[in-house]
Amino acid sequence: MQLSRSHATLIGCIAPICWGMSVPFVRLVSEHIGQPGGMILLCGLACVILACIFGCPRHSHFSGKYLFFGLTTAVACEICFTWALALSGGGTQTAEAGMVNYLWPCLTMVFAVIFNGQKAKWWIVFGFISCIYGVCTVLSGPGGFDFMAMARNMESNPACYLFALGSALSWAAYSSITRALSHGANPVVLIFFINTCVFIAMAAAGVGEPMHIDLEGGVVVAVAAVVMGLAYALWTIGMMNGNMTVLAVVSYFTPVLSCIFCWMFLGAELSANFWKGVGFVVAGSLICWASTVFAKPKA
C-alpha cells in the first residue's frame, strides 16, 4: 500500500521518540546483560526486525567504496555509542554522554558543507558555537558553564565522553558518505548484521564482561531491539515518502526526548543548567539546518 505524503511524514515523526528511548535502553541492556553480550542480542534482534520490514539487502546494490567507507563509519558509530553508554557512571552521566553524541546533527551539516559541497549561510558558525557551548554547559554540572568543572567531570570518566564524541563524529561522517555514495540504497539491515558480528568477535576475544541474562534482562533487550529497529524503519519510511523538511526539524528535538527518557527510566538527576545546555544544543542544530535551507543554490 502506497502511503500518502502526510501519513509517511507522521510515521517518520515517531522515529525521534524511538531514538530518544534508545539511549536509556542501551544503558539498561548493558546493566542487565553486560557488554558486549547485550549488544549481540540487541543488534541481532533489531537486524531480524529490519530484515522482515525491508528484506535482505543485495551486495550489488552498494558500491565498493560505500561498503568500505560507509559501513565502516556506521559500525564505528554503533560501537562508540554503545560503549559510551555502557561505561557511563549512572543515569546522569548517561544523559551527558547522550548529549555529547547529539553533536551529530550540527556536525552532519558542517561535514556536508566541507565535504559534499552543501551551500550554507555564514551564520552556520553561530549554530556550531551554540552546540559546543551547550554541550560544555551540560558537562559543567549544576553550577553553570565552568571550564574547570567540565574538565574535572570529563577527567572522572574520559573513555565515556571520548566514545560519545567518536559516535557523533562517526555518524556525521557516515551521513556525508551516504549522501555521496549510497545512490539511494538502504544499508540499515546490513549495518545491524555487521554490528552483530563485530560484537560477537569482541565477546570471543574476551572484551568486556560475560553475558548474564534473566527474564527481566530478556524483556529489556527485546524492548530495546524493537525501539532501535522501529527508529530506523520509521525514519526510512518517512524520508522515502514524507516531508523531509518537517522530519529534519522534528529530529533535532531528539536530545530533549532522550533526556526526558533518561530521567524516566534511569532516574537521571538533570539540573536547570543541564536543560539550559540542551536548549543551546537544539537551537544550534536548528541554526545549522536553517543556514543550509536559506542558502542560495549552486548556479
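Residues numbered from 1 in each chain as written. Predicted model: local features only at pLDDT ≥ 70, side-chain atom pairs only at ≥ 80, totals over all residues. Heavy atoms only, no water.

Caption draft 1: Expanded view of the side chain of Asn195. Secondary-structure assignment places Asn195 in helix H9 (residues 188–204). Taking the relative accessible area as the measure of exposure, Asn195 reaches 1% and is therefore buried. If we skip the residues at most four places from it in the chain, Asn195 touches Cys43, Val75 and Glu78. (Helix = DSSP H or I, 4+ residues; strand = E, 2+ residues; numbered from the N terminus. Buried < 20%, exposed > 50% of the residue type's maximum accessible area, 1.4 Å probe, protein only. Contact = heavy atoms within 4.5 Å.)

Caption draft 2: Representation of helix H10 (residues 215–241) within the structure. Relative to the 39 Å expected for 27 residues at 1.5 Å per residue, H10 spans 39 Å between its end C-alpha atoms, a close match to the ideal helical length. Capping the start of H10, Asp214 holds a side-chain oxygen 3.3 Å from the backbone nitrogen of Glu216, two or three residues further along. (Expected span 1.5 Å × (residues − 1). Polar contact = N/O pair within 3.5 Å; in protein donor to acceptor, adjacent residues only side chain to side chain.)

Caption draft 3: Layout of helix H5 (residues 104–115). Its 12 residues place the ends of H5 15 Å apart at the C-alpha level, agreeing with the 16 Å of an ideal helix rising 1.5 Å per residue. Where burial is concerned, most of H5 is hidden: 9 out of the 12 residues are buried. Among the residues making up H5, those that are buried are Trp104, Pro105, Cys106, Leu107, Thr108, Met109, Val110, Phe111 and Ala112. Buried residues in H5 make contact with helix H4 (91–101), helix H6 (124–140), helix H8 (158–181) and helix H13 (272–293). Of the residues one or two after H5, Gly117 is the one with positive phi, at around 75 degrees.

Caption draft 4: Local environment of the pattern of salt bridges. This model, assessed by the stated rule, comprises 1 salt bridge. With a shortest N-O distance of 3.0 Å, Arg27 and Glu31 are connected by a salt bridge. Placement of both Arg27 and Glu31 in helix H1 (residues 5–33) is noted, with a separation of 4 residues, approximately one turn of the helix. (Salt bridge = Lys/Arg side-chain N within 4 Å of Asp/Glu carboxyl O.)

Caption draft 5: Just the packing of H4 against H8, in detail. The interhelical angle for the contact between H4 and H8, taken along N-to-C directions, is 30 degrees, at an axis separation of 7 Å. Between H4 and H8, the angle falls in the class roughly parallel. As H4 packs across H8, the resulting crossing turns out to be right-handed. Between H4 and H8, the residues in contact are Gln93, Glu96, Ala97, Val100 and Asn101 and Cys160, Tyr161, Ala164, Leu165, Ser167 and Ala168, respectively. (Axes fitted to C-alpha atoms, helices over the stretch in contact; angles between N-to-C directions. Parallel < 35°, antiparallel > 145°, perpendicular 65-115°, else oblique. Left-handed = near helix turned anticlockwise from the far one by under 90°.)

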